[in-house]
Structure formats: C-alpha cells, structure tokens
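Next come the chains, spelled out residue by residue.
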Amino acid sequence: MQNRVSRILLFSLVIFLAGNTIAQPVKPIYLDETRPIEERVKNALSLMTLEEKVALCHAQSKFSSRGVARLGIPEVWMSDGPHGVREEILWDNWGEAKWTNDSCTAFPALTCLAATWNPDMSAIYGKAVGEEARYRNKAVLLGPGVNIYRTPMNGRNFEYMGEDPYLASRMVVPYIQEVQKNGVAACVKHFALNNQENWRGHIDVQVSDRALREIYLPAFKAAVTEAKVWSIMGSYNQFRGEHCCHNDLLLNKILKGEWKFDGTVITDWGGAHDTKQAALNGLDIEMGTGTDGMTRSLTNAYDNYYLALPFLDELKKGTIPVSVVDEKASRVLRLIFRTVMNSKRPYGSLATPEHAQVARKIAEDGIVLLKNDGNLLPFDASKLKNIAVIGENATRKLTVGGGSSNLKARNEVSPLQALCAKYGSKISYSMGYASGPPAYGRVIPSKLNADSLRSAAVKIAGAADVVLFIGGLNKNHRQDCEGGDRQSYNLPFGQDKLISEIQKVNKNVVVVLVSGNAVAMPWVDKVPAIVQAWYLGSEAGNALTSVLSGEVNPSGKLPFTFPKQLSDCGAHSFDKLCFPGDSVHEIYKEDILVGYRWYDTKTIPVQFPFGYGLSYTTFEISKPTTDKPVYSRAETVKMSFTVKNTGNVAGAEVAQIYVTQSKCPVMRPVKELKGFKKVFLKAGETKTVTIPIKVQDMAYWDEKTNNWKVDSGEFILNLGTSAGDVKYMGAVQVK
Ligand code: BGC
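Residues numbered from 1 in each chain as written. Predicted model: local features only at pLDDT ≥ 70, side-chain atom pairs only at ≥ 80, totals over all residues. Heavy atoms only, no water.

J.: Mind laying out the overall build of the protein, listing which residues take part and the relevant values?
T.: A tally of helices and strands in the protein yields 18 helices and 29 strands. The C-alpha atoms of the protein give a radius of gyration of 28 Å, which matches the 27 Å a tight globule of 735 residues would have. When the backbone C-alpha atoms are referred to their principal axes, the protein occupies close to 105 × 65 × 65 Å. When each of the 735 residues of the protein is scored for burial, the buried share is 61%. Residue pairs at least 24 apart in sequence account for 76% of intrachain contacts in the protein once pairs closer than 6 positions are excluded. (Helix = DSSP H or I, 4+ residues; strand = E, 2+ residues; numbered from the N terminus. Rg over C-alpha atoms; globule rule 2.2 N^0.38 Å. Buried < 20%, exposed > 50% of the residue type's maximum accessible area, 1.4 Å probe, protein only. Contact = heavy atoms within 4.5 Å.)

Rendered as structure tokens:
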C-alpha cells in the first residue's frame, strides 16, 4: 500500500517537473492565423535569408515559383485562366504534363460574359472557376483579362470584355471577388495597353494621359480598388519606352502609388527584360523568361532570371538596396498567406454538373440575336421537316486552341450534337468549308477541296426548310488566338462566298457566328436571321439550341460595335503608325474615341451598335425621372423609369444610360455609358427600375491638372437600349 502511494507520488512529481521544464513549442507568428497578415508577413521576412527572399521573386518552373521550404511556406502554383483552369504543363517547357485528373469545365469566353451585361453572371462565373482552381490546388488563376477592344483585328479580343471601360469595370469586379473567396488569387491581365498581338513583345505604345485614364485603365482600377484583386499581370508591350512588366509610371506610380495595390505584380511569361528595371520598376514575380539558351553555365536556368542570381548580385553589391527585395518578398508572402496558407479556404470542386449548369446559364445569357426578320427564330419544330446544318463550327472543338486559354474540357457539347438530340432525323449536316487542323503559331491550310465542300453544302441547303449556318472564326493562329492578329475583317475560309451561294437556293438562312470579334457581313441584307454565339465552352451546343428553339429567350447585348467596314474603325482611320504600328512604335491617334465613342462622334453608321441585341419579345420603357435636378460632385443621380414586357414570352432587356456633357472646355465623346441594368420580365410584366449614376463617373481626365474633373453645368442622361437607340434624354445640373 505504502509502495503504491509513493509510486503515485513519484509519478505525479515527474509529470509536474516535465510540465515545467519541457517548454511548449511556440507557434511562430507567421503561422498564427489569428494574427493580422501584415504582422505575419513582417515576421516571416525577419526569419529569411537574402537568398530566400530573392527566391520568392522568380519562377522555379513554367507555372510555379518558390516558397520558403525551410519555414514550411508553400510554393505558388499558377494556372491560366480565364475561361477554365488549364491542364498541367510540364515543369520546364510548354508540353502537356498528360495528367489524367485535370480536365475542367470550360466556361464561355469573357466576350460572352461581357455580352450578358449581367454582373450576377460574373459572380457565378468567378465562383465556379475559382472552385475549380482551388480544387486543383492553385494559388493564382491567371485571369480575367480586361484589355480594351480597340480593333476587331486583335487576335485576343475573345479573352477580354469589350470596348467600353465602364461595362468592363462592372463585369470584372464580381468575377474577381468570387474567385478570391476560394482562397485563390485572381490575376487581372494584361496591364496595360496590350491591344494587339502583332509585335506584342516589344511594340512601344504612345497614348495620351487622357486616353490612358479614361479608356485603357478604368477596368484595371476597378479590379484593384473595388475588387481588391491580389495579383496583376504586366503586359508584353512597352508604354512610353518601358516594358509594361517593369514600367515605373504604370506599376510604381499608378498601380502601387495612386491605387494602393497591395498585391503581387507578375510578369507575363517572358515579359521581363532587365534586372535593374525589374527590381526598381514595380515587378514582384518574374515568370517565363526564355529558359532556352540560358543554361550554359548553370544547372538551373531559373537561377539566371533577371530577378534571380543577377538580382542577388546587385543586392550583395549594394547597387540595389535590400529594401527593394524586402518589398517584393512581402508582397509574395502576403499572396501566399491569402491563398495557400489560409487554412480556412474551402476545398473547391472540379468539372461538376453544377459548374456545367453555370457555364450553360452564362452562355444562354450572353448569346446575342442580331437579326430576326419575319421571326424566323425561334424554330417552330412542328413546321420544320428538314433542317440543314452547315459549317465547320457546328462540330469543331472550340475549347481547344486560342493560346494560353486553351482548355482540356471534361466535356464539350457541339452545336450539331445538341441539335441532333433536339431535332433528331430532321437534321442533315454538311461541313461547307474547312479551316485546317488546330496548330499554335502557324496556319496549316486544310487539305480538303473547298469547291466540293461548298457544292455539297449548297445541295443540302436547297433541299431544306431552313438552313442553320454555323461558322465564324475559330481558335487557330490568325483567327481568335493569342500570338497573332487577324489578317482580314471578312470571314475566312471562303465563308462569304458559301453563305451567298446558300442564300440563292434557300431564303430561310440563320447565320450563327462563333467568334470573339466583329466580322464583315457582305451578306447581311440577304439573310433573315443572325445570331452572335461567341465561344460558349462545355455547354456550347446546349446553350445555342436552347436559344434557337426558344426555350431560352436571347438577352445578350454586344459588348463591342460591329463596324460596316474595317476602315470605319477609329484605330484604322489614320496611318500605319496608328495601327498596327511601324513594328517599333504605335501611336493611338484616335485617342479617347474608341469603339462607339468614335462612330458616334464622327457620325459613322455601323452594322450593329455597341449594346445592341434583339429578343423574342418586345419591351416598352417609360420616360425617366431623376430624383432631383441639381447635384453636387459627391452625389449620385438616381434615374428611374419602368420597363414593360409587351410581348408573349418572358425575356430580359438591358436599359443603358449614356451621359453627354452639354458644354465642355475639352473635346468629349458624344456620349459615354455610365449605368445599365438587365431587367428580367415575365410576359406582360412591368418593373420600376432605378439606375444610379455617380457624378464622379461623369468626369474626364484633365491633362492640365493631371486629375479627374467634373465641370459645373448641364449633363444629358440618354436612356436607351444600345448606343444606337436612345429613347429619352433628360438633363441634370452639376454644381
Ligand atoms: C499569355 C498570358 C498567360 C501566360 C501563361 C502568355 O503567353 O499572354 O495571358 O497567362 O502566357 O500561359
């Protein structure tokens, strides 16, 4: 008994002593998620060597950069963006890694998202693509892109949000916010002035401060100041003699200075060109510098990046102060803490049926009905016995190609598949033309005989009740594709000739254009119906069929103008220096008059205006009122009116408000979009709508004071349904 008591006493003593002598491991501050991120960043930085800090500032593989292995700080894995999460790429080159677990949902291209004019669609897009990026364990999703549509020739317009800075700004914010709720950083790109692909690696863009501020920067500014984006990608081109990936004005002064961006600046792949500039002009992570030919003296090519050993050398010599690397490393650490070191980030999901539904919904919301004479659409299946489907884009995989936004989609429903599922044996198909196989960076013409393809198509067209021509551009080089611009405004591969021959044998032709760009339409008056169908992603065929069949009433509106001819476009109205540049310089001579701002101000008639799109129903908008007649600069005008669906089916109209300054000391466009609202209405339903317009948004950039300016005086609010259809004008005063 005594023995037992003393054993217990001894045991308790040992426990007591152990508890007091073995120190509990203290959690380092940087790992303590209850502390503010800034404190954690400071702490992590204080524990790192100079080499470790430099290692955060450049790639370690094609799509990743280092963490701090010694401290358990994870690497940064990135993926394109913006239409779905790109498949895994090999460590050291652009080859596919051929994993079998990385097939994704392909969402509609951003032009389609912009065409929804519906920020709710941006939100569900961002949420779903963010979940996919999270499931794939990415820290950064390389998108969305908001470069302004300056010319229909830009091969990359399909990845952007159109010609208007206000529309792009409203659409980009919810996308970013929802992506980032997944603990994945969005990376808005390409900052800035990457408005063409030809010579994109070096072309030196000259543009006025005013055009920069009013046209090319607002969507980036909204991404930074409103959506609080965590990373941004510099563009390949130069601006005023400096590459944009290390451009003092853009990155140090505007982005980090004025806009107080606290995230990470990432290069476009291969966008860095100099150690000193990369160090001093605002870049944080260097990616994709050509690794070929850089391995001669080093085992790891990444050590030779501008922000790797050459940077370390300068830091050690003292020619670049250590505060410079501290700043960059802090930004990278902040990115890591916000993403992969956020233990509360959700788990995400990949290629789910829910995501497919999201893709379909956005696609259906963005398809634009451009023409519908005699109400040929929607199809009345009971009256149709034979539908001839013609065109390569009825079957071609269009989630493939386009450059970095190329996707390995788990599923892609083609238009022909969906049409056959809906209309069965009523469908006959003929290819009509052939574009050649997918190939990046070069054009491989098709070996098929164009004449035989055309005559076979015309033959089935002649025998059909209705012809559905599904053509347009595709994701090949010199079409809608990164790395090159289009060579002609006309449709390629003989489609103009094909359409005109088809309409000679059949008057009931519906042209479905799959493209991310405007195209010339020499046949526009000869076909009764035209649908702009974008690149719609995994659910392309289903979404298109819903609209053609009337299950869904189209409600998309153009996010850019379709000019009648290329020479009508602002960028094409001057000499070569204005577009495409002389291979070294390019001067944006149309200045602030981009898109409808140009056509309106110069009174140039267009094929289809910005903001335009038809419906299967009709709407009536009432005369608007404003909440008061006079406003101060800090106030918001509230314009109210009713929208009534006067037809027989449910549908949606987009009410648009364009502002005109009546008298102004500087030139201003005839009108500029400053507010819009998509209104969904049942047949016969009326809703009251109020659209807020911030007086500050009516400002112009005053080059004399280098600041925004709202003059006192009268402003006209034009309420309409496109830039070409103003229904009411109301005046307000600013004092
Ligand atoms: C593109 C970027 C893309 C990057 C990585 C570049 O060629 O311009 O948009 O994110 O490649 O694929």
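Moving on, there is more to tell.
J.: Any details on the sheet that holds strand β11 (residues 387–390)? Residues and values, ideally.
T.: If you walk across this open sheet you meet the six strands as β10-β15-β14-β13-β11-β12, and the pairing is mixed. At either margin of the open sheet sits one strand with a lone partner, and together these are β10 (368–372) and β12 (427–430). When strand polarity is set aside, the average angle formed by the axes of neighbouring strands in this sheet is 15°. Taken together, the four bridges between β11 and strand β13 (residues 466–472) define a ladder with parallel strand orientation. Across the sheet, the residue bridging to Ala-388 is Val-467, located in β13. Along the sheet, helix α16 (residues 495–505) contacts β11, β13 and β14 (509–514); its crossing angle with β13, the most-contacted strand, is approximately 175°. (Pairing = 2+ DSSP bridges. Axes fitted to C-alpha atoms, helices over the stretch in contact; angles between N-to-C directions.)

J.: Lay out the state of the cysteines in plain terms, naming residues and giving numbers.
T.: What is meant by a disulfide is a covalent connection between two cysteines, made through their sulfur atoms. One pass over the structure, following the stated rule, counts zero disulfides. Free of any disulfide, Cys-187 has its nearest cysteine sulfur in Cys-245, 10 Å distant. For Cys-187, a relative accessible area of 0% corresponds to the buried category. Looking at Cys-569, it has no disulfide partner, and the nearest cysteine sulfur is the one in Cys-578, 8.7 Å off. (Disulfide = S-S within 2.5 Å.)

J.: Give a detailed account of the side chain of Glu-214, specifying residues and quantitative values.
T.: Along the chain, Glu-214 falls in helix α7 (residues 209–216). The exposure class of Glu-214 is buried, given its relative accessible area of 7%. Within the structure, the side chain of Glu-214 is placed 2.7 Å from the side chain of Arg-210, a separation counted as a polar contact. Only 2.8 Å separates the side chain of Glu-214 from the backbone nitrogen of Trp-701, close enough to count as a polar contact. Those residues in contact with Glu-214 that lie beyond four places of it in its chain are Pro-165, Ile-592, Glu-672, Tyr-700, Trp-701 and Trp-708. (Polar contact = N/O pair within 3.5 Å; in protein donor to acceptor, adjacent residues only side chain to side chain.)

J.: Talk me through the site of the ligand; I want residue IDs and the actual numbers.
T.: By nearness alone, 15 residues border the ligand, and Asp-80, Arg-156, His-190, Asp-268 and Glu-482 come closest of all. Arg-86 places a polar side-chain atom, nitrogen or oxygen, 3.2 Å from an oxygen atom of the ligand. Here an oxygen atom of the ligand and a side-chain polar atom of Lys-189 are 2.9 Å apart. Within the complex, the protein chains bury 97% of what would otherwise be the 310 Å² of accessible surface of the ligand. Looking at the shell around the ligand residue by residue, the class counts come to six nonpolar, two polar and seven charged. (Near = heavy atom within 4 Å. Areas by Shrake-Rupley, 256 points an atom, 1.4 Å probe, with all protein chains shown as cover. Nonpolar A, V, L, I, M, F, W, Y, C, P; charged D, E, K, R; others polar.)

J.: Before we move on, could you go through the domain arrangement of the protein and cite the residues and values that matter?
T.: Partitioning the protein into domains gives domain 1 (29–338), domain 2 (369–405 + 412–560), domain 3 (568–616) and domain 4 (619–734). Facing 35 residues of domain 1, the contacting portion of domain 2 comprises 31 residues. Buried surface at the junction of domain 1 and domain 2, summed over both partners, amounts to about 2,300 Å²; 54% is from carbon and sulfur atoms. On inspection of domain 1 and its partner domain 2, the count reaches two salt bridges. Across the pair Glu-482 and Arg-200 runs a salt bridge whose closest N-O atoms are separated by 2.9 Å. In this structure, the connection of domain 1 to domain 2 is made through 21 residue pairs in polar contact (both at pLDDT 80 or more). Residue composition of the side of domain 1 that touches domain 2, grouped by class: 16 nonpolar, eleven polar and eight charged. (Domains from an automatic or database assignment. Buried area = accessible area lost by both parts, 1.4 Å probe. Salt bridge = Lys/Arg side-chain N within 4 Å of Asp/Glu carboxyl O.)

J.: Could you give me a rundown of the packing of aromatic side chains, with the residues and numbers involved?
T.: With the rule as written, the count across this model stands at 25 aromatic pairs. With centroids separated by 5.2 Å and ring planes inclined at 75°, the aromatic side chains of Trp-117 and Phe-676 adopt a geometry described as edge-to-face. Of this pair, Trp-117 sits in the loop between α4 (110–116) and α5 (119–135) while Phe-676 sits in strand β24 (residues 672–681), and the two are 559 residues apart along the sequence. For Trp-117, a relative accessible area of 0% puts it in the buried group. (Phe/Tyr/Trp six-rings, centres within 6.5 Å; stacked < 30°, edge-to-face > 60°.)

J.: Tell me about the sheet that holds strand β2 (residues 76–80), and name the residues and values.
T.: Spatial strand order, β1-β2-β3-β4-β6-β9: six strands in an open sheet with mixed pairing. Every interior strand has two partners, whereas the edge strands, β1 (64–65) and β9 (264–266), have only one. Relative to strand β4 (residues 185–191), strand β3 (residues 140–142) runs parallel, the two sharing two bridges. Across the sheet, residue Leu-141 finds its bridge partner in β4, namely Ala-186. Along the sheet, helix α6 (residues 165–180) makes contact with β3 and β4, crossing β4 at roughly 145°. The sheet strands contacting helix α8 (residues 218–226) are β4 and β6 (231–234), and the helix crosses β4 at an angle near 160°.

J.: Lay out the pairing of β6 with the relevant residues and their values.
T.: Residues of β6 alternate between two faces, with Ser-231 and Met-233 on one and Ile-232 and Gly-234 on the opposite face, all of them buried. Alignment of β4 against β6, held across three bridges, turns out to be parallel. Counterpart to Val-188 in the pairing with β6 is Ile-232. Here three bridges tie β6 to β9, and the two strands are oriented parallel to one another. Paired with Met-233 across the strands is Ile-266, a residue of β9.

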